[in-house]
Amino acid sequence: MPGTLGRRTTMCFLIPNYVIAAAFSIFGRTILWKSIGFFFMGIFHLKISLSYTYALEFVPNAWKSTMTTLITAFDSGSPLFACIFFKFFRPDEELLLKIHFWFGFAGCIVFLIFIPESPRWLFLSKGANSAEAINVLNYIAWFNGSSMIIPQDATFDIIGQVLEESNASLNMTSLSRLTNTVNQTNFRGKGSIFKEIR
C-alpha cells in the first residue's frame, strides 16, 4: 500500500483510523469497546513501521541512524514516561492514557498539516523530473529556512539513470546505488543549480 499509494496517502488513511481505535480503547466504558479498540489499533499499527521508511526518506544518509534511534526511543519511551508519571505526579492510569491520547492526537494534526509526501517516492513513482517532487523539496527547504530553491525544469540525473537502467523497476542493486548516491545528485536546468529566493 505505501509503495503504490504513497507514504503520505497511506499515513492519512492509517492515522485517523488509529486515533479512532485508540479513543475506543481509552475512553470505552466496557471491556467489549476497549477490546474492539485494541483490535483495530493492531490492524492500523502499520503506521509504526511506515513511519521509519517515511522519516528516513526525508533525511540525508548521515542522519539516518540518528533518525532511527530517535523514532525507536520515542516509540519505546511510553513505559518510562508512565513510571515517571506514576512515581512523581499521580498514580492515575486513566489520566495518563488521556494525556497520551491527546498528545498523539495533536501530533497527528501536525502531521496532516505540515508533512508532505516523500520526495523519494515521488521521484521513483513519477519519474526523475517530477514537478511534484521538486515542489516538495522546495517546500522542505522553505520550511527549514533556506533561501535556495530547485528550478522547476531540473532533472535528477542519477535517479533518472537508475530508473532508465532498470526500466522503472528497481532491483536491489539499483536501489542500493540510488540510496547511496541520492545525496550526490546533480541537477540539470536553466540557470544555476539552485536559485535564491529574492
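Our subject is the structure that appears above.
Residues numbered from 1 in each chain as written. Predicted model: local features only at pLDDT ≥ 70, side-chain atom pairs only at ≥ 80, totals over all residues. Heavy atoms only, no water.

**Quick notes on the pattern of salt bridges**
One pass over the structure, following the stated rule, counts four salt bridges. The shortest N-O distance in the salt bridge between R29 and E94 comes to 3.4 Å. Remark: E94 occurs in helix α7 (residues 93-114) and R29 occurs in the loop between α2 (7-27) and α3 (31-43); sequence separation between them is 65 residues. When its relative accessible area of 68% is taken as the criterion, R29 is described as exposed. Judged by its relative accessible area of 36%, E94 is partly exposed. One salt-bridge network, in which partners are shared between bridges, spans R7, E57 and R120. (Salt bridge = Lys/Arg side-chain N within 4 Å of Asp/Glu carboxyl O. Helix = DSSP H or I, 4+ residues; strand = E, 2+ residues; numbered from the N terminus. Buried < 20%, exposed > 50% of the residue type's maximum accessible area, 1.4 Å probe, protein only.)

**Digging into the packing of aromatic side chains**
Within this structure, the stated rule accounts for 18 aromatic pairs. Taking 6.5 Å as the distance between ring centres and 50° as the angle between the ring planes, the aromatic pair formed by F27 and W102 counts as tilted. Taken together, the residues F27 in helix α2 and W102 in helix α7 connect sequence positions 75 residues apart. Of the residues examined, W102 reaches a relative accessible area of 49% and is grouped as partly exposed. Feature note: the residues F13, F39, F40 and F44 constitute an aromatic cluster, connected by ring pairs. The ring of F111 is capped by R8, whose NZ or CZ atom sits 5.6 Å from the centre of that ring. (Phe/Tyr/Trp six-rings, centres within 6.5 Å; stacked < 30°, edge-to-face > 60°. Lys NZ or Arg CZ within 6 Å of the ring centre and 35° of its normal.)

**Details of the layout of surface pockets**
When its volume is computed, the largest pocket comes out at roughly 1600 Å³. K47, I48, F74, D75 and G104 are, among the 43 residues lining the largest pocket, the residues nearest its centre. Looking at the lining of the largest pocket, the elements that each hand over two or more residues are α2, α3, α4 (46-56), α5 (64-75), α6 (78-88) and α7. At 13 residues, α7 tops the list of elements feeding residues into the lining of the largest pocket. (1 Å grid on protein atoms, 1.4 Å probe; cavity = no way out; pocket = protein on both sides within 12 Å on 5 of 7 lines; lining within 4 Å. Points joined across faces, edges and corners; volume = space filled by probe spheres on them.)

**Concerning the nonpolar core**
Core analysis: the largest hydrophobic core is formed by 15 residues, its most contacted members being M11, I15, V19, M41, F101 and F111. Mapped by element, the contributors of at least two residues to this core are α2, α4 and α7. Per-element tally for this core: the top contributor is α2, with eight residues. In this structure M41 touches Y18, A21, A22 and S25, once residues within four positions along its chain are discounted. Among the nonpolar cores identified, the runner-up in size contains eight residues, and W121, A133, V136 and A154 belong to it. (Core = buried A, V, L, I, M, F, W, Y, C linked by side-chain atoms within 4.5 Å. Contact = heavy atoms within 4.5 Å.)

**Concerning a nonpolar patch on the surface**
A cluster of nonpolar side chains, F27, W102, F105, I109, V110, L112, I113, F114, I115, W142 and F143, forms an exposed patch at the surface whose accessible area comes to about 1000 Å². Those elements that place two or more of their residues in the nonpolar patch are α7 and α9 (131-143). The element contributing the most residues to the nonpolar patch is α7, with seven residues. Examined against the element boundaries, I113 turns out to sit in helix α7. (Patch = residues over 30% accessible without salt bridge, like charges linked within 9 Å, V, L, I, M, F, W, Y side chains within 5 Å. Areas by Shrake-Rupley, 256 points an atom, 1.4 Å probe, with all protein chains shown as cover.)

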